[in-house]
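Examination of the molecular architecture
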Amino acid sequence: MQEGILALMQLPKTICALEDLHEAGGVMISVIAHPTTGGLLASFAATELLFGPDVLRHMTGTRTETGGIIASAKQFGWELVPTVAALAMPSGPVTRATYEALLEPILFALQAHRDAAAVVLALHGAMSVDGLPDAEGDLLRRIRELIGTGRPLAASLDLHANVTDEMVRHASILTSFRTTPHVDQYETGVRLCALVERTLRGEIAPRVHVGRRPMLAGMDLGRTVGDTLMTGLQRKARAWEAR
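To keep things clear, this report deals only with the structure shown in the data block. (Residues numbered from 1 in each chain as written. Predicted model: local features only at pLDDT ≥ 70, side-chain atom pairs only at ≥ 80, totals over all residues. Heavy atoms only, no water.)

Bringing the pairing of strand S5 (residues 173-176) into the picture now. By the alternation rule, side chains of S5 split into Ile173 and Thr175, which are all buried, and Leu174 and Ser176, of which none is buried. As paired strands, strand S4 (residues 153-157) and S5 are joined by 4 bridges and run parallel to one another. By the bridge assignment, leucine 157 is partnered in S5 with serine 176. Once the chain exits S4 it traverses helix H7 (residues 165-170) before rejoining the sheet at S5, and the crossover so formed is right-handed. (Buried < 20%, exposed > 50% of the residue type's maximum accessible area, 1.4 Å probe, protein only. Helix = DSSP H or I, 4+ residues; strand = E, 2+ residues; numbered from the N terminus. Pairing = 2+ DSSP bridges. Right-handed = clockwise from strand over helix to strand, strands pointing away.)

What follows is the structure, given as structure tokens:
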């Protein structure tokens, strides 16, 4: 409760600062890192925090990545071992203790199911943890250390994910939303699982590469409602995929 009150107290200060910057014609970059809005476990519990079988009970039939993963598992005949589903509103850096608490069920499940054929994750791609700026890279590395190099490690991401070298090094498959606003979360989970299934069947041997351009792009350039720059790029990407 105290954390929420402090966060609300900080909000007007942030809004005023942004208004002053806007009037001065400055560039606005969204970064929320105030200590009073830090990511505690209670922040996740207030939005979504599910463990084990509760993930299946609450997420089956939803239009989320997890919902798409669950539906795909049924289609492909997979036996899912759900671990954790955690979602919090954008805030400050996640505390290290919270991060470890969310990671523990995943690592424990992998230790208990050494014969797991693959690992499928619905990530965001821009989490900042106290003392650990590349949280997703650390997560993928620790999973890879448990499952070895021979099994698929796949993850979905938000369009604005910070794809790091560590993430690319350890992930077998990475795919992201293709819409802003994100109305294709379910489809992204389905696409992710289809790639995993094809990998398990030996049809493909995916590799992840990342390219970085020296550029800054505004969020509005990424919108996919109507005929936009992003929809044009998407059409080109789909054409390349069809080759």
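After that view, the rundown keeps rolling.
This part covers the sheet that holds S4. The sheet built from 3 strands is open, its strands ordered S3-S4-S5 with parallel pairing. The sheet is open, and its two borders are formed by strand S3 (119-122) and S5, each paired with just one other strand. Strand-to-strand twist in this sheet, taken as the mean axis angle between neighbours without regard to direction, amounts to 15°. Of the strands in this sheet, S3, S4 and S5 are in contact with helix H8 (residues 185-200), which crosses S5 at around 160°. (Axes fitted to C-alpha atoms, helices over the stretch in contact; angles between N-to-C directions. Contact = heavy atoms within 4.5 Å.)

A word on the pattern of salt bridges. Following the criterion strictly, the structure yields 17 salt bridges and no others. The closest approach of N and O atoms between arginine 142 and aspartate 138, which form a salt bridge, is 3.2 Å. Remark: aspartate 138 and arginine 142 occur in helix H6 (residues 135-147); sequence separation between them is 4 residues, near one turn of the helix. Among the salt bridges present, the one from arginine 141 reaches glutamate 145, with a minimum N-O distance of 2.8 Å. Here the residue arginine 141 and the residue glutamate 145 both occupy positions in helix H6, the gap between them amounting to 4 residues, near one helical turn. Through salt bridges with shared partners, a single network forms among Arg96, Glu100, Asp138, Arg141, Arg142, Glu145, Glu166 and Arg169. (Salt bridge = Lys/Arg side-chain N within 4 Å of Asp/Glu carboxyl O.)

A cis geometry characterises the amide bond from threonine 180 onward to proline 181, with omega recorded as 5°. Assignment of secondary structure puts proline 181 in the loop between S5 and H8.

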